[in-house]
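Coordinates in review
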Amino acid sequence: MNATIGEIGRSRSILLAPSALVFIGLFVLPMLYFFLVSFWQVSLFDLDRTFTVKNYIRTYQEYLGVAGFTFLIAGIIALLTTLIALGFAYAVRFKVGRFGTILLFGALISLFGGYLAKVYAWKTILGTNGILNTALLNLGVIDEPITAFIFNPGAVVVTLTHYLLPLAILPIYGSLRGVSDLTIEAARDLGSTPIATFFNIILPQCGSGLIASFSFTFLIAAGDYVTPRLVGGPSTTMIGNYIESLFGFRFDWPLGSAMSFSTLFCCVGILAVTSYLLIKAQRR
Amino acid sequence: MIDVAVTQPDGPNEALVRLRNVSKSFARIVAVEPLDLDIRRGDFLAILGPSGCGKTTLLRMIGGFLMPDTGRIEIDGQDVTTLGPERRPTNMVFQGYGLFPHMNVEQNIAYGLRMAKVPKAESERRVQKVIDLVRLGELARRAPEALSGGQQQRVALARALVMEPKVLLLDEPLAALDLQLRKVMQDELRRIHASIGGTFVIVTHDQGEALGLANRIAVMNEGRVVQAGSPEDIYARPATRFVANFIGDANLFTGQRQSGHVTLAGGARFPDAGGDGVVFVIVRPEALKPSTRADEFPISLPATLVDMVYLGSHLKLKVALPGGQEVTVHDTDLSLRERIQPGGPVYLGWSAAQHRVIDEP
């Protein structure tokens, strides 16, 4: 009953302890371990714990192009997904009234579809004997199947955008809900056209949602290696694919770790710059 | 002088805003019955009524946020019925203010001018002028969330005033403020209206606010304007029982009119022209005079004093009529306390000029 602040603090840390242990044990420690590994080397299929920065140099020398390509693809996907999500969330919040809930529910339901199911669905749609080609053939638009639909960066962009969309809608919708109708009415009253209201009143108020959606989708897209392998074809090998093979049959954990951390730092850097630019644009 | 609003008096009775047969329903519930209303140039009109009487709906139709189902709305001779708020010469001060949270005070106020593409120099001059007018001075660079309720209120007011609207609409602007601040803002509004002229329309459910601010009051009930007129008119000559009860305190006596004379339940009788039937006589508490004699006033009712409270400036008396009805009396004559005692008999007197007889079913 008469717990002092110290006692409350103590009981709080006791309550937090299990989740903190899980977080540290399953996330922080492995990360730290692989950070150490990235400074080691491999000799005869065994880890040699001699400190070296060679792995980072190799990453920079051999995989810079791949990383650039990966970030470009991830950037396109994140931008596209965020824009579509903004349109969707805007419609749900402002345009379709009570149908909004149904639309939102539909978007969230698609999250249950599973990642691989969606990748294979797009494979089925875009493949040489896929739904799209069959439909076009039957309609007489084309005479023979178009092979260019799949196994290229475009297919990766389409697939990942579709998969990431519900995840991007939520943060934006959340921040749009925080935009009060009153500010929109006030803007109209002051002579603001719908477009001016969108750019001057609504958009600046949902900046945090946009940053969250962009970051989220960018990180997932940049780290993905399943989609590129299944629908990307040989022309779309992303950095994740290389990292995967280094940890797999090539057994070069140090180089794989160095590439992982390089990718991670680059991603964080890119997101920091993007967020900074967005916030600066809002202040203007 | 500060010339924030356009003032070109074309005569005292010229209507700046003209509503004809305007009505609005929401899903079969009638919010505003078809009504006519004229708002004169330079008026400070209060639309007064209980919550749900349709007053805000009416204001939103004038502002262009709602399209009326029937009728037409003219502002300064122009038919604006189908125009949205962005194309009307009106500006609104919203109940919840609706300040833009991501802009500072100055940017909030300048937004309308920015939309109207007013040159920067002129915009700055006008913003500064209106900031001085509402006394926001040193707060110009603050974010709205760093302001108190009263200060936010001033920003909302300044943001509307800077547009120099032909009609300034205020939707319960003081409702969210505490009593003390409300009084201050009432005085501010009066001062601003006096200094810039212009036409103000305020919606309120607070009769004190309406009486204190407006030079014209439209009382609404159940979607209709039941009475419109000067505050004196409405207070002294309420058109219906509803108006009498809503504006200030009122005592209501039931009577019977027969061949030009009204007889009240307590026995008083006085001449009053009109058809035979049940009538209601409304007398304000301060018009009723307590007396020890039955013949001191032309109209007099015998009663019993129940309670007498000293309220500083006046006495408040609770008096019971023989039928059990309780009547409230205000009297500034503090010596009454020596002449009558609770539980004792008293006569309530008044003259015909101080009451109002209403024929109403």
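Up top is the structure these notes are about.
For the structure given in this document, a descriptive report is provided here. These numbers were taken from a predicted model, which means no experiment stands behind them.

Definitions and cut-offs
- Residues numbered from 1 in each chain as written.
- Chains lettered and ligands numbered in written order.
- Predicted model: local features only at pLDDT ≥ 70, side-chain atom pairs only at ≥ 80, totals over all residues.
- Heavy atoms only, no water.
- Pairing = 2+ DSSP bridges.
- Helix = DSSP H or I, 4+ residues; strand = E, 2+ residues; numbered from the N terminus.
- Contact = heavy atoms within 4.5 Å.
- Buried area = accessible area lost by both parts, 1.4 Å probe.
- Salt bridge = Lys/Arg side-chain N within 4 Å of Asp/Glu carboxyl O.
- Axes fitted to C-alpha atoms, helices over the stretch in contact; angles between N-to-C directions.
- Core = buried A, V, L, I, M, F, W, Y, C linked by side-chain atoms within 4.5 Å.
- Buried < 20%, exposed > 50% of the residue type's maximum accessible area, 1.4 Å probe, protein only.
- Patch = residues over 30% accessible without salt bridge, like charges linked within 9 Å, V, L, I, M, F, W, Y side chains within 5 Å.
- Areas by Shrake-Rupley, 256 points an atom, 1.4 Å probe, with all protein chains shown as cover.

1. Concerning the pairing of strand β4 (residues 70-75) of chain B
Residue and element names in this part refer to chain B. As judged from the 5 bridges shared by strand β1 (residues 15-26) and β4, these two strands associate in the antiparallel manner. Bridge pairing in β4 links Val17 to Ile75. Two elements, β4 and strand β5 (residues 78-79), share 2 bridges in a ladder whose sense is antiparallel. Residue pairing for β5: Glu74 is matched across the bridge by Asp79. The hairpin turn running from β4 into β5, its antiparallel successor, is 2 residues long, and Asp76 in that turn takes a positive phi close to 55°.

2. What to know about the environment of Ser180(A)
Inspection of the secondary structure assignment puts Ser180(A) in the loop between α6 (153-177) and α7 (181-189). On a C-alpha basis, the gap between Ser180(A) and Gln205(A) in space is 9.6 Å, while along the polypeptide they are 25 residues apart.

3. Quick look at the interface of chain B and chain A
Contacts between the two partners involve 23 residues from chain B and, on the opposite side, 16 residues from chain A. When the two sides are added together, the surface that chain B and chain A hide from each other amounts to roughly 1700 Å², 59% of it contributed by carbon and sulfur. The largest share of the area that chain B buries against chain A comes from Glu86(B), His102(B) and Tyr111(B), three residues that together contribute 29% of it. Our count for the chain B to chain A interface comes out at 2 salt bridges. Salt-bridge contacts for Glu185(A) lead to Arg60(B); the nearest nitrogen and oxygen are separated by 2.5 Å.

4. Side note on the sheet that holds strand β17 (residues 315-320) of chain B
All names here are of chain B. Spatial strand order, β15-β19-β16-β17-β18: 5 strands in an open sheet with antiparallel pairing. Across the chains shown, the open sheet's two edge strands, defined by having one partner strand only, are β15 (289-291) and β18 (326-331). In this sheet, neighbouring strand axes are inclined to one another by 45° on average, regardless of whether the strands run parallel or antiparallel. Of the strand pairs in this sheet, strand β16 (residues 299-310) and strand β19 (residues 345-350) are connected by 6 bridges, and their pairing is antiparallel. Looking at the pairing, Ala303 lines up with Val346 of β19.

5. Digging into the nonpolar core
With 86 residues, the main nonpolar core has Leu19(B), Leu58(B), Ile109(B), Tyr111(B), Leu157(B) and Leu161(B) as its most contacted residues. Beyond its immediate chain neighbours, meaning those up to four positions away, Leu58(B) contacts Leu19(B), Val32(B), Leu35(B), Leu37(B), Ile47(B) and Met220(B). Core analysis: the second largest hydrophobic core is formed by 34 residues, Tyr63(A), Trp122(A), Ala221(A) and Val226(A) among them.

6. Observations concerning a nonpolar patch on the surface
Residue and element names in this part refer to chain A. A cluster of nonpolar side chains, contributed by Phe23, Ile24, Phe27, Leu29, Met31, Leu32, Leu264 and Val268, occupies part of the molecular surface with about 720 Å² of accessible area. Of all elements in the fold, only α1 (5-37) and α12 (253-283) reach the threshold of two or more residues within the nonpolar patch. Element by element, the count of residues in the nonpolar patch is highest for α1, at 6 residues. Within the fold, Leu264 resides in helix α12. Accessibility expressed as a relative area gives 35% for Leu264, which makes it partly exposed.

Shape is all these values report; function is a separate question.
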